[in-house]
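Structural features, examined
So you can see what is in the structure, the chains are spelled out below.
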Amino acid sequence: MLLEANGSSAAGATAGGSLQSICYERGSLRLLDQQRKLPLETVYLDVKDSTDGWTAIRDMVVRGAPAIAIAAALSLAVEVCNHDFNGTSEDASSLLIKKLEYLVSSRPTAVNLSDAVEKLRSLVLKTVETATEAKTVFQAYIDAAETMLIDDVASNKAIGFHGAKHLRSNLEGLEKISVLTHCNTGSLATAGYGTALGVIRALQSEGFLEKAFCTETRPFNQGSRLTAFELVHDQIPATLIADSAVAALMKAGHVNAVIVGADRIAANGDTANKIGTYNVAIAAFHHGIQFYVAAPITSIDLSISSGEQIVIEERSAKELLHSDGGRGKQVAASGISVWNPAFDVTPARLITAIITEKGVIIKKASDEAFDIKGFIETAK
Ligand SMILES: CSC[C@H]1O[C@H](OP(=O)(O)O)[C@H](O)[C@@H]1O
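Applying the stated criterion across every chain, the model contains two cavities of 30 Å³ or more. As a volume, the largest cavity reaches approximately 200 Å³. Lining the largest cavity are 24 residues, with Arg63, Gly64, Ala65, Asn184 and Asp263 sitting closest to its centre. At the level of secondary structure, the elements contributing two or more residues to the lining of the largest cavity comprise α2 (65-82) and β10 (271-274). Of the residues that constitute the lining of the largest cavity, the class distribution is eleven nonpolar, nine polar and four charged. Both domains that meet at the lining of the largest cavity, namely domain 1 (2-153) and domain 2 (158-379), each give it at least three residues. For the second largest cavity, the calculated volume is near 60 Å³. In this structure, the second largest cavity is lined by Met60, Thr217, Arg218, Pro219, Phe220, Gln222, Lys274, Ile275, Arg315, Glu319, Asn340 and Ala342.

The strand order across the open sheet built from four strands is β12-β9-β10-β13, with neighbouring strands paired in mixed fashion. Of all strands in the sheet, those with a lone pairing partner are β12 (300-301) and β13 (343-346), marking the two edges. In terms of strand pairing, strand β9 (residues 264-266) meets β12 through two bridges, oriented parallel. When the bridges of β12 are listed, Ile265 appears paired with Ile300.

With that settled, consider the state of the cysteines. Tallied over the entire structure, the rule returns zero disulfides. Cysteine Cys23 remains unbridged, with the sulfur of Cys81 as its closest cysteine sulfur at 17 Å. Overall, Cys23 belongs to the buried group, its relative accessible area being 13%. The class of Cys81 is partly exposed, set by a relative accessible area of 32%.

Attention now moves to the confidence of the model for the chain. Of all residues in the chain, 95% attain a pLDDT of 70 or more, and the chain-wide mean is 93. The low-confidence segment residues 6-17 (pLDDT under 50) makes 24 contacts with residues lying over four places distant or belonging to another chain.

Right, let's talk about the layout of surface pockets for a bit. Its boundaries defined by the atoms lining it, the largest pocket holds a volume of some 480 Å³. Contributions of two or more residues to the lining of the largest pocket are made by α2, α4 (111-128), α5 (134-170) and α11 (372-379). Looking at the lining of the largest pocket, the element that brings in the most residues is α5, giving six residues. Among the residues forming the lining of the largest pocket, the class breakdown is ten nonpolar, four polar and seven charged. Looking at the second largest pocket, it is lined by 16 residues, and the ones nearest its centre are Arg218, Asp243, Ile275, Gly276 and Asn279. Only α8 (246-251) and α9 (277-286) provide two or more residues apiece to the lining of the second largest pocket. Ranked by the residues each element gives to the lining of the second largest pocket, the list is headed by α9, at three residues. For the lining of the second largest pocket, the class distribution of residues is nine nonpolar, five polar and two charged.

Calculation notes
- Residues numbered from 1 in each chain as written.
- Predicted model: local features only at pLDDT ≥ 70, side-chain atom pairs only at ≥ 80, totals over all residues.
- Heavy atoms only, no water.
- 1 Å grid on protein atoms, 1.4 Å probe; cavity = no way out; pocket = protein on both sides within 12 Å on 5 of 7 lines; lining within 4 Å.
- Points joined across faces, edges and corners; volume = space filled by probe spheres on them.
- Helix = DSSP H or I, 4+ residues; strand = E, 2+ residues; numbered from the N terminus.
- Nonpolar A, V, L, I, M, F, W, Y, C, P; charged D, E, K, R; others polar.
- Domains from an automatic or database assignment.
- Pairing = 2+ DSSP bridges.
- Disulfide = S-S within 2.5 Å.
- Buried < 20%, exposed > 50% of the residue type's maximum accessible area, 1.4 Å probe, protein only.
- pLDDT = per-residue confidence, 0-100.
- Contact = heavy atoms within 4.5 Å.

Pasting the structure below:
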């Protein structure tokens, strides 16, 4: 059961004054409850084990493709760190793999979770080949899970660097640019700094950002509750708009580029992201506005050839029937049916380029699809 940590932290600012959704030290994991109204309600929940981790991910206490993967891995790390275990190294391996397979069932669309689980599973199987004690297997697992937390921030800063550099060279003639983003892809969706919001942070730090526009991102309101909070916290010039105002803002000439995150990118570049992203991409295409996806390589799923194969999570009707992403008062009439997909797929032909920590993936002029496999092979 998720318990509120005694005494919530200051308004979300933790290590180094930056916002963090994941507060971890060996043996202890606390997650910022992102169902709440940030920054008015800043509550951290204690996560004691993988069951708490699964619940926190399913309930979107923690959300965001990279953050989901890291929270899952660390929830199991605190479980094995704090529980006595009397089995063999083989027993430890079996326990970890069983718990990892359970964690991956918490949310289906973001590939980062299954990617992290597969990497950790392989590490456990390799470790147990030579380990003579259970604690050796557990220690290797904990070290690997902690490394994911550390590596993610560095990855996001590299995404920010490559993204800002690419936009500055591809939006020549503009002293500063205004960028629109959808959902939340910042420190509250990752281990810190963010992906698409990381590019916005990099543009701001280089003096190239005029303004960031963020959409509310109904029905969970990641934009109005989370992205607006991050932008205000970092004193980045920003304006919040309704999802339905995107096309009008573009038509008025206020948007120079769009940058969004990703939950799963297929081998051809088709990208699953928060519901509403496809709408934004169509509007950008109609208005001749560059549309960028920013994501770590761990968001790429080369096992699927196109977005048709991406499983789209459908969430509770309550998120639409009630206010505040489902936690508030009822607003829609009882008896109305609801369709509430949490993601949609933007076809590669509507995406200008994909910004990763290894560099920017572009299409050959005439192509509608990306050669992502080729990029990854050369980026190694
Ligand atoms: C860097 S976060 C990537 C991605 O995850 C978000 O989904 P959710 O809030 O449901 O976890 C959103 O699609 C972001 O773009």
